[in-house]
Amino acid sequence: MNKNKPLILISNDDGVDAEGLIRLTNALRNLGEIVVFAPDGPRSGMSCAITSSRPITYKKLSQEEGLTVYSCTGTPTDCVKLVLSEVLPVKPDLLVSGINHGGNHALAVHYSGTMGAAFEGCVFSVPSIGVSLDKYTSGSDFSESCRLIRILAEQVLKKGLPDGVYLNLNVPNITKVRGIAVGRQTTGKWEREYNREEKDGMTEYWLTGDFEMSGPAYPDNDITLLDEGYASLVPCKVDVTDYAFRDVLETWDFNR
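For the structure given in this document, a descriptive report is provided here.

Conventions and cut-offs
- Residues numbered from 1 in each chain as written.
- Predicted model: local features only at pLDDT ≥ 70, side-chain atom pairs only at ≥ 80, totals over all residues.
- Heavy atoms only, no water.
- 1 Å grid on protein atoms, 1.4 Å probe; cavity = no way out; pocket = protein on both sides within 12 Å on 5 of 7 lines; lining within 4 Å.
- Points joined across faces, edges and corners; volume = space filled by probe spheres on them.
- Helix = DSSP H or I, 4+ residues; strand = E, 2+ residues; numbered from the N terminus.
- Nonpolar A, V, L, I, M, F, W, Y, C, P; charged D, E, K, R; others polar.
- Core = buried A, V, L, I, M, F, W, Y, C linked by side-chain atoms within 4.5 Å.
- Buried < 20%, exposed > 50% of the residue type's maximum accessible area, 1.4 Å probe, protein only.
- Contact = heavy atoms within 4.5 Å.

**A few points about the layout of surface pockets**
Phase 1 of the analysis: Estimated volume of the largest pocket: approximately 640 Å³.
Phase 2 of the analysis: Listed by contribution, the elements that provide at least two residues to the lining of the largest pocket are strand 5 (94–101) and helix 5 (222–227).
Phase 3 of the analysis: A total of three residues in the lining of the largest pocket trace back to one element, the largest contributor, which is helix 5.
Phase 4 of the analysis: For the lining of the largest pocket, a count of residues per class yields eight nonpolar, 11 polar and six charged.
Phase 5 of the analysis: One number sums up the size of the second largest pocket: a volume of about 320 Å³.
Phase 6 of the analysis: Contributing elements (two or more residues each) for the lining of the second largest pocket: helix 3 (113–123) and strand 13 (231–237).
Phase 7 of the analysis: It is strand 13 that provides the largest number of residues to the lining of the second largest pocket, a total of four residues.
Phase 8 of the analysis: The residue makeup of the lining of the second largest pocket, split by class, is 11 nonpolar, six polar and two charged.

In structure tokens, the structure reads:
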């Protein structure tokens, strides 16, 4: 490891061969020494899942000056846990997870393996970012995602992040993004979540659905920002305690 350069850890949930990860690695290449430690295949929708019922393994795929690439049989969270505890001799200066093939705005932050990896980095006090390209289709242009994540990575390397805070960057799939706008998570949920098909006497259910916003329509919510041509940047917290309602709960009568 080059002690004179920042150590940057890259992971994802689309797999070590995914275009988004390759593009991300190239975008951050000369910011520091890069270690890629990613699943050996797609692990979308894994959130913070960990593997406890079987062993996991990893292998080195390639190594060159300033870049080492590993694949792991586990989940995105497994990847971060394993590389931090067993592989790297020092804690990274930055973790970036992505570039995810599809948006991770609104409620998707809780389902996303991309964000699960960023969450886990934050747990280990590594400044962590999840980055996603919204509405991914084959042949999508990652150029703006790469440009903006590099800008954000430079800022985080320079200024750091508070303990317990990680960042969620979503970039619209357009030719020229208007910039990064700091926003908030959209409230809402997916409706009509399954398509049903009959096959060989069995009913199969395919996950789908339409996202419907709810609650106050704040102008700085991440979906609105994306629709307006901005990349949305939402700070997320590991601590999910509702402190205001905790004070209310303390007034309830539990002693009967």
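There's more to say after this.
**A look at the nonpolar core**
Phase 1 of the analysis: Membership of the largest hydrophobic core comes to 32 residues, with the highest contact counts inside it found for Ile 10, Leu 28, Val 36, Ile 149, Leu 152 and Leu 169.
Phase 2 of the analysis: Counting residues per element, this core draws most heavily on helix 4 (residues 143–159), which supplies six residues.
Phase 3 of the analysis: Apart from the residues lying within four places of it in its own chain, the contact partners of Val 36 are Ile 10, Val 16, Leu 21, Thr 25, Leu 67, Thr 68, Val 69 and Tyr 70.
Phase 4 of the analysis: Counting 16 residues, the second largest nonpolar core, distinct from the first, contains Leu 9, Val 35, Val 87 and Leu 95.

Keep in mind that these numbers describe shape and distance, not what the molecule does.
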